Amino acid sequence: MRLLHRIDRSTTPAEEARPDPALVLAGDPVHTTWNMEDRDGLYCGMWQSTPGKWKVSYAEWEYVYIHAGVSILTDTAGVATTLKAGDSWIIRPGFAGTWEVVETTLKDYVILN
C-alpha cells in the first residue's frame with residue numbers, strides 16, 4: 001500500500017446510488033461516490049449529488065470541502081446553512097435535518113465513525 005494517495009476520480013471506480021425513498025422530500029437526487037479509503041471507521045473520497053432534498057441524521061463526524069455547486073443544510077430548528085464552492089465544513093455527530101442540493105454538488109469528504 002502506498003502511503004501517499006492522490007484524490008483523483010479518474011482512477012477510482014464510481015458507485016451510484018439514491019437516498020432511501022422514504023427520506024427524499026423533493027426531486028430525484030443521484031449520488032455518485034468515489035470512495036478512496038475505507039478502514040477502521042475512516043472513509044474518504046469524493047461525492048457528487050444531483051439536485052434534490054432528503055432527510056439526514058449524522059451519527060458520525062464528517063469534514064467536507066465543496067469543489068462545485070450549492071447545497072443547503074437545514075437543522076431541525078430550521079437554521080439553514082449554505083455550502084458552496086470553496087467552503088470547508090465540519091458536520092458533527094448529532095446533526096439532523098435536511099440536505100438540499102440546489103446545484104449539482106461535488107465534495108471531498110472524510111468521515112470518522
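Whatever comes next refers back to the structure up there.
In this report, the structure presented in the accompanying data block is examined. (Residues numbered from 1 in each chain as written. Predicted model: local features only at pLDDT ≥ 70, side-chain atom pairs only at ≥ 80, totals over all residues. Heavy atoms only, no water.)

## Some remarks on the overall build of the protein
If you tally the helices and strands in the protein, you get zero helices and nine strands. Starting at the N terminus and ending at the C terminus, the protein contains elements arranged as β-β-β-β-β-β-β-β-β. Its C-alpha atoms give the protein a radius of gyration of 14 Å, near enough to 13 Å, the size a compact globule of 113 residues would have. The dimensions of the protein, computed from C-alpha atoms along their principal axes, are 45 × 30 × 25 Å. Counting over 113 residues, the protein shows a buried share of 35%. Seen as two clouds, the 10 positive and the 15 negative side-chain charges of the protein have centres 3 Å apart. (Helix = DSSP H or I, 4+ residues; strand = E, 2+ residues; numbered from the N terminus. Rg over C-alpha atoms; globule rule 2.2 N^0.38 Å. Buried < 20%, exposed > 50% of the residue type's maximum accessible area, 1.4 Å probe, protein only. Lys, Arg positive; Asp, Glu negative; His and termini not counted. Charge placed at Lys NZ, Arg CZ, Asp CG, Glu CD.)

## As for the packing of aromatic side chains
Scanning the model with the defined rule gives three aromatic pairs in all. Ring centres 6.2 Å apart and planes at 70° place the aromatic pair Tyr58 and Phe95 in the edge-to-face group. Of the two residues, Tyr58 sits in the loop between β5 (52-57) and β6 (61-75) while Phe95 sits in the loop between β8 (88-91) and β9 (96-112), which places them 37 residues apart along the sequence. With relative accessibility at 10%, the residue Tyr58 sits in the buried group. (Phe/Tyr/Trp six-rings, centres within 6.5 Å; stacked < 30°, edge-to-face > 60°.)

## Some thoughts on the nonpolar core
The biggest cluster of nonpolar side chains holds 13 residues, and the ones touching the most others in it are Trp54, Leu83 and Trp99. Residue assignment for this core shows that the elements contributing at least two residues are β5, β6 and β9. Per element, the largest residue contribution to this core is four residues, and it comes from β9. If near-sequence neighbours (up to four positions away) are discounted, Trp99 is found in contact with Trp47, Gly52, Lys53, Trp54, Val56, Tyr58, Ser71, Ile72, Leu73, Leu83, Ile91 and Lys107. (Core = buried A, V, L, I, M, F, W, Y, C linked by side-chain atoms within 4.5 Å. Contact = heavy atoms within 4.5 Å.)

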